[in-house]
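# Structure assessment
In case you want the letters, here they are:
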Amino acid sequence: MTDIARPASKPARPHFSSGPCAKPPGWSPEKLATGSLGRSHRSKLGKARINHAVDLTREILGIPATHRIGIVPGSDTGAVEMALWSLLGARKATMVAWESFGEGWVTDVVKQLKIEADVVKAPYGSLPDLAALDQSTDIVFTWNGTTSGVRVPNGDWIKDDREGLTIADATSACFAMDLPWDKLDVVTFSWQKVLGGEGAHGILVLGPRAVERLESYTPAWPLPKIFRMTKGGKLIEGIFKGETINTPSMLAIEDYIHSLEWAKSIGGLDELIARADANAAALDAWVQKTDWIDHLAADPASRSNTSVCLKFADGAVEGLDDEAKLALVKKIAGALELEDAAYDVAGYRDAPPGLRVWCGGTVDTADVEALGPWLDWAWAQARAA
């Protein structure tokens, strides 16, 4: 293993970060529209560009006309926090966690808001029994576990006659997976994930049942200004019509529009899903023939096609504790970055020691295929050291 030759060719675009993710193929700053820069976001032009981004989002994702779409501050985290702090507390909650971001929402609800909640957990690499969740409660879950590589395979477990709300953090799922919008009352994401946009902005999608909750329930706790979505007991519709709560970056919005227009030009959601599936399949083909690595997500049915998380195979690092394994991960990732062969492939800091390779639709399959030999080379270098 230690005499593996340095591969002759590299990925053309070695960007495999799980956020911010790779830009769309052919991206350059010169391709961004700049007419809105230096203008007020409340100007006619500014609002038109914001609404254009929202309209393209609805079109590509197939979001029903019944659902509101708003651009909010704070990336996906901000969007989730707005939902949790504004909607929860009317009834008991069920918090579902199988990776670090789900754990974060548990902390918010149980320790900060102190809402009565059942906490349902599964270890990294697995899903809990979703069909057993109490749907008389408000259910909060991540659709795709960015730090575990485990996703919800479908929405069949969500009842049409549920009493509570379903609140889905779908930041690594939107634009790469087909979501059942009729079963989801709240969906959040950030465009810095699957579409490779810039950070700091989130998207909040509210279904009719979520709007009804907002207009009929007032939380017992005070809400910061950037969380407030109602006034006088009515939804502030302007938030979902281009009137953002605070000043957005028009440059980031123009970058998002560029990504949306690219996505539409290649065939929309179907092609984005196909590209992610092809990338994940290419990485899996390498995993299947490699004896030192394995998927963290054991079940292929719930394995992510975007944030693919890998662990060291049984026996490959026998005798090493987690600290030593983490050191091995750093050596592998560092060697790849020094060679400009792959950037940002170390696993998430709270996840089991391993690698994480982004396979979303902005990544080219040829680059994933070229990555495999470099991973083998870096592993050999790290083990030899």
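In the annotation of an unreviewed UniProt entry, the protein chain is listed under the name phosphoserine transaminase and assigned to Rhizorhabdus histidinilytica. Quoted verbatim from the Catalytic activity (unreviewed entry) heading of the UniProt record, the comment on the protein chain is "O-phospho-L-serine + 2-oxoglutarate = 3-phosphooxypyruvate + L-glutamate". For the record of the protein chain, the UniProt heading Pathway (unreviewed entry) holds the text "Amino-acid biosynthesis; L-serine biosynthesis; L-serine from 3-phospho-D-glycerate: step 2/3."

Scanning the protein chain from N- to C-terminus turns up eight helices and 14 strands. Here the C-alpha atoms of the protein chain give a radius of gyration of 21 Å, agreeing with the 21 Å that 2.2 N^0.38 yields for 385 residues. The dimensions of the protein chain, computed from C-alpha atoms along their principal axes, are 70 × 50 × 30 Å. Evaluated residue by residue, the protein chain yields a buried proportion of 57% over its 385 residues. Split by element, the accessible area of the protein chain, about 15,800 Å² in all, is 50% carbon and sulfur. One way to put it: in the protein chain the 40 positive side-chain charges average out to a point 7 Å from where the 51 negative ones average out.

Bringing the sheet that holds strand 9 (residues 201-206) into the picture now. One key point about sheets: their strands pair by backbone hydrogen bonds, in either a parallel or an antiparallel sense. What the seven strands build is an open sheet, ordered 1-9-8-7-4-2-3; its pairing is mixed. Pairing within the sheet leaves two strands with one partner each, and these edge strands are strand 1 (68-73) and strand 3 (117-121). Geometrically, the sheet is characterised by an average inter-axis angle of 15 degrees between neighbouring strands, direction not taken into account. As defined by bridge partners, strand 4 (residues 138-142) adjoins strand 7 (residues 166-169) across four bridges and the pair is classed as parallel. Directly across from Phe-141, in strand 7, lies its bridge partner Ala-168. Sheet strands in contact with helix 1 (residues 44-61) are strand 1 and strand 8 (186-189), and its direction is about 125 degrees off that of strand 1.

A few words now on helix 2 (residues 75-87). A rise of 1.5 Å per residue sets the reference length of helix 2, with its 13 residues, at 18 Å; its end C-alpha atoms lie 19 Å apart and thus fit the reference within 8%. Counting buried residues in helix 2 gives twelve out of 13 residues, a clear majority hidden from the surface. Those residues of helix 2 that sit buried are Ser-75, Asp-76, Gly-78, Ala-79, Val-80, Glu-81, Met-82, Ala-83, Leu-84, Trp-85, Ser-86 and Leu-87. Phi turns positive, to about 110 degrees, at Gly-89, one or two residues after helix 2.

Quick notes on the rules
Residues numbered from 1 in each chain as written. Predicted model: local features only at pLDDT ≥ 70, side-chain atom pairs only at ≥ 80, totals over all residues. Heavy atoms only, no water. UniProt positions renumbered as here; feature names shortened; annotations may be inferred. Helix = DSSP H or I, 4+ residues; strand = E, 2+ residues; numbered from the N terminus. Rg over C-alpha atoms; globule rule 2.2 N^0.38 Å. Buried < 20%, exposed > 50% of the residue type's maximum accessible area, 1.4 Å probe, protein only. Areas by Shrake-Rupley, 256 points an atom, 1.4 Å probe, with all protein chains shown as cover. Lys, Arg positive; Asp, Glu negative; His and termini not counted. Charge placed at Lys NZ, Arg CZ, Asp CG, Glu CD. Pairing = 2+ DSSP bridges. Axes fitted to C-alpha atoms, helices over the stretch in contact; angles between N-to-C directions. Contact = heavy atoms within 4.5 Å. Expected span 1.5 Å × (residues − 1).

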